[in-house]
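Descriptive analysis of the structure
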Amino acid sequence: MGKGSRDDRLSALPDDILVNILDRLNVPEAARTSILARRWGQLCAKLSRLIISVQDFLPEGVLHTNVSVEELVRTNAAVVQATESILARRNPGEHTIRLLSTTFYLRDDAPLSIGRAVGHVMATHLVEVAKFTVRTGKDDIAEIDDDELITCARKFMVFFDACSNAFGGLTSLDLENLRFGESDISSILVSCKQLKHLHLYNCDCGEHSTLQVDHAHLSELCIVQCLLSHVKLSWLPQLTQLVFDGWIDYDDPLFIGHVPLLKAVSLTNVALSSNKMFKLSEFLSSTSVQNLKLGFKSEKVCQDCRFVSRGFTSSPLISSCVFSLQIWVQPECPTQSLASVFRQLRFVNLVNIPEGYDLTWTMFILEAAPLLKDLYITVWDHACSMEMDEEKRKKELYSEDKGVEWDEAAADFQHRSLVTLVICGFESEDCFVNYVRRVMTAAVNLEDVFLYSRLDCDNCKDEKKIRFPWTKRQRISLKKRITVGIESFAIIHSSKMVRDDHQAKILYPECSR
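Residues numbered from 1 in each chain as written. Predicted model: local features only at pLDDT ≥ 70, side-chain atom pairs only at ≥ 80, totals over all residues. Heavy atoms only, no water.

1. Structural notes on the overall build of the chain
Helix and strand content of the chain: 17 helices and 17 strands. The 513 residues of the chain split such that 53% are buried. Long-range contacts, defined as pairs at least 24 residues apart, comprise 72% of the intrachain contacts of the chain with a sequence gap of at least 6. Total accessible area on the chain is roughly 24300 Å²; 49% of this is exposed by carbon and sulfur atoms. (Helix = DSSP H or I, 4+ residues; strand = E, 2+ residues; numbered from the N terminus. Buried < 20%, exposed > 50% of the residue type's maximum accessible area, 1.4 Å probe, protein only. Contact = heavy atoms within 4.5 Å. Areas by Shrake-Rupley, 256 points an atom, 1.4 Å probe, with all protein chains shown as cover.)

Below, the structure is given as structure tokens:
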């Protein structure tokens, strides 16, 4: 404020600058500015980014996963009111909506009201990106029975059938906890002609059902914790990113057909001792990905095994389920089929390999991927997801298997593209030191080796201490152990805190929920 002036500098800015500022706020915050003056109320009608979420209407500190029924009804009503109000202010065809995203609970008539409002604005405005995120109010799979899954799916299909205009222009759809009818997902894909992003969490068409996906524009598909026996990606000419987390059938769970643009793949599962291991040359046949993430979930099966939690203890698939874990990837000797799959591979991220496993088996990826530039490995016994009591481990027959033995890498093998090696959960143990030495010897152009301590988790209380080079003297000693007798120009970095850019890569590709 200038001395004696009644106008502030912010209000003196032109409309397009102010709209750009308001676009960076969520809808409730942007709407509050309308009380400042009539001009600010008019600016809200020009917003290009409209993100309306139940989370923004919940009390501070309350998440959408632990909300009470009363709070759920209240926040859903607030989302309806905000959606209808903000869209009703706009003049038809006057301003393009770059993003219209609504997150709401599948309850009462709220979805219908939101769907109709969104459908109306799609008919009168240019909407570039439109997203529905549909919540059920429950996040713990074990707390949801089959009847609830079916009931929620029926409610969603009523919403879908009543709001065809909105779904016809939808570009992103995020669903959870739904058990559809046999043809429901196909109907959704047919109607959502503009769909580019589809996220399914705990969704299926019945126990051991098959999901077939054909779509002309779908570019991102996330399938997480769905009770599906098979996923068939028959025809997806625009698909670039696939996340497949958790499968229940070890007999060809994934079929990849026509997906010529597929670049990033994330595969995560827990392997029981009775399960067969997968060859990536077969699992990813007909693809040539650039980014590959493989997740092993430490020992999370005891929490995530929905067959047991849902009472399917007589299922032949889990008759030998003894809550044990092993690496589900089968190391392979160099073959033409493996070379074809890995020929464009630039980035590999191996996540939550249990502690104590020999990492030498990962060398087969280096041998088969001549263009690989970055190799990230996270070693972690995630304590809050594991049974740590030794007596209970024995009683429940937990496996103490330490992974895959692999010593087939050629002694004179050289890799000329690898630039960066990142290991989270590093320990000053011989198995880690020998592995780093082996990579540094093979990767003749390696520039940096980043060795981080174990990742932090606010919920983990009883994690065992690890041997990490905390002090300068320990770091010097470690460097000598790694480099003695080998020639490498790589710089070794050791730190407790993971760099932000490395943290981002560890999480990619991933479904945000």
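2. A look at the pattern of salt bridges
Summed over all chains, the structure comprises 14 salt bridges. When the shortest N-O distance is used, the salt bridge between Glu71 and Arg74 registers 2.6 Å. Here Glu71 pairs with Arg74, and both are found in helix H4 (residues 69-88), just three residues apart, close to one helical turn. The exposure class assigned to Arg74 is partly exposed, which follows from its relative accessible area of 40%. (Salt bridge = Lys/Arg side-chain N within 4 Å of Asp/Glu carboxyl O.)

3. Overview of the sheet that holds strand S8 (residues 228-235)
Taken in spatial order, the three strands make up an open sheet running S6-S8-S10, and their pairing is parallel. Both outer strands of the open sheet, strand S6 (209-214) and strand S10 (254-258), are each paired with one neighbouring strand and no more. Direction aside, neighbouring strands of the sheet carry axes that sit 10° apart on average. Alignment of S6 against S8, held across six bridges, turns out to be parallel. Bridging from a neighbouring strand, Gln212 pairs with Lys232 of S8. (Pairing = 2+ DSSP bridges. Axes fitted to C-alpha atoms, helices over the stretch in contact; angles between N-to-C directions.)

4. What to know about the packing of helix H15 (residues 430-442) against helix H16 (residues 472-483)
Contact geometry of H15 with H16 gives a least axis separation of 8 Å together with a crossing angle of 55°. Our classification of the angle between H15 and H16 gives oblique. For the pair H15 and H16, the sense of crossing is right-handed. Contacts between H15 and H16 pair Asp430, Val433, Val436, Arg437 and Met440 from the former with Leu478, Arg481, Ile482 and Thr483 from the latter. Residue composition of the contact of H15 with H16, by class: five nonpolar, one polar and three charged. (Parallel < 35°, antiparallel > 145°, perpendicular 65-115°, else oblique. Left-handed = near helix turned anticlockwise from the far one by under 90°. Nonpolar A, V, L, I, M, F, W, Y, C, P; charged D, E, K, R; others polar.)

5. What about the pairing of strand S9 (residues 241-245)?
S9 sits mainly inside the fold: five of its five residues count as buried. In S9, alternate side chains face the same way, and those of Gln241, Val243 and Asp245 on one face and Leu242 and Phe244 on the other are all buried. With five bridges joining them, S9 and strand S11 (residues 264-268) adopt parallel strand pairing. Its bridge partner being in S11, Asp245 is matched across the sheet by Thr268.

6. What about helix H6 (residues 146-162)?
A rise of 1.5 Å per residue sets the reference length of H6, with its 17 residues, at 24 Å; its end C-alpha atoms lie 25 Å apart and thus fit the reference within 8%. Of the residues making up H6, those classed as buried are Leu149, Cys152, Ala153, Phe156, Met157, Phe159 and Phe160. Projection of H6 onto a plane perpendicular to its axis shows the buried side chains occupying an angular sector of 160°, all on one side. Among the exposed residues of H6, those pointing more than 90 degrees away from its buried face are Asp147, Arg154 and Asp161. (Expected span 1.5 Å × (residues − 1). Arc of directions from axis to C-beta.)

7. Observations concerning a nonpolar patch on the surface
A grouping of Leu10, Ile17 and Ile21 is seen on the molecular surface, where their side chains present a nonpolar patch of about 230 Å² in accessible area. Along the chain, the position of Ile17 falls in helix H1 (residues 15-22). (Patch = residues over 30% accessible without salt bridge, like charges linked within 9 Å, V, L, I, M, F, W, Y side chains within 5 Å.)

8. What to know about the packing of aromatic side chains
How two aromatic rings sit relative to each other is set out by the distance from centre to centre and by the angle between their planes. Enumeration according to the criterion identifies 22 aromatic pairs in this entry. Geometrically, the ring pair formed by Phe156 and Phe180 is edge-to-face, given 6.1 Å between the ring centres and 80° between the ring planes. One end of the pair, Phe156, is in helix H6; the other, Phe180, is in the loop between strand S4 (172-179) and helix H8 (184-191), and 24 residues separate them in sequence. Both residues of the pair, Phe156 and Phe180, count as buried. Within the aromatic cluster, the residues linked to one another by ring pairs are Phe104, Phe132, Phe156, Phe159, Phe160, Phe167 and Phe180. (Phe/Tyr/Trp six-rings, centres within 6.5 Å; stacked < 30°, edge-to-face > 60°.)

9. Points about helix H5 (residues 110-124)
The terminal C-alpha atoms of H5, which comprises 15 residues, lie 22 Å apart, in line with the 21 Å expected from a rise of 1.5 Å per residue. Within the span of H5, buried status applies to Ala110, Pro111, Leu112, Ile114, Gly115, Ala117, Val118, Gly119, Val121 and Met122. Where H5 is buried, its residues meet H4, strand S2 (97-105), strand S3 (127-135), H6 and helix H7 (164-168).

10. Section: the confidence of the model for the chain
Per-residue confidence for the chain gives a mean pLDDT of 85, with 82% of residues at or over 70. Counting interchain partners and residues more than four positions distant, the pLDDT-below-50 stretch residues 300-325 has 64 contacts. Note that pLDDT drops below 50 for residues 395-399; the model gives that stretch 15 contacts with residues more than four away or on any other chain. (pLDDT = per-residue confidence, 0-100.)

11. So, unusual backbone geometry
Only a minority of non-glycine residues have a phi that is not negative, and only a minority of peptide bonds are not trans. A positive phi is found at Gln225, a non-glycine position, where the angle reads about 55°. When you line up the elements, Gln225 lands in the loop between strand S7 (220-224) and S8. With relative accessibility at 8%, the residue Gln225 sits in the buried group. One non-glycine residue, Asn352, lies in positive phi territory at about 55°. Turning to its location among the elements, Asn352 is positioned in strand S13 (residues 347-353). Classification of Asn352 as buried rests on a relative accessible area of 16%.

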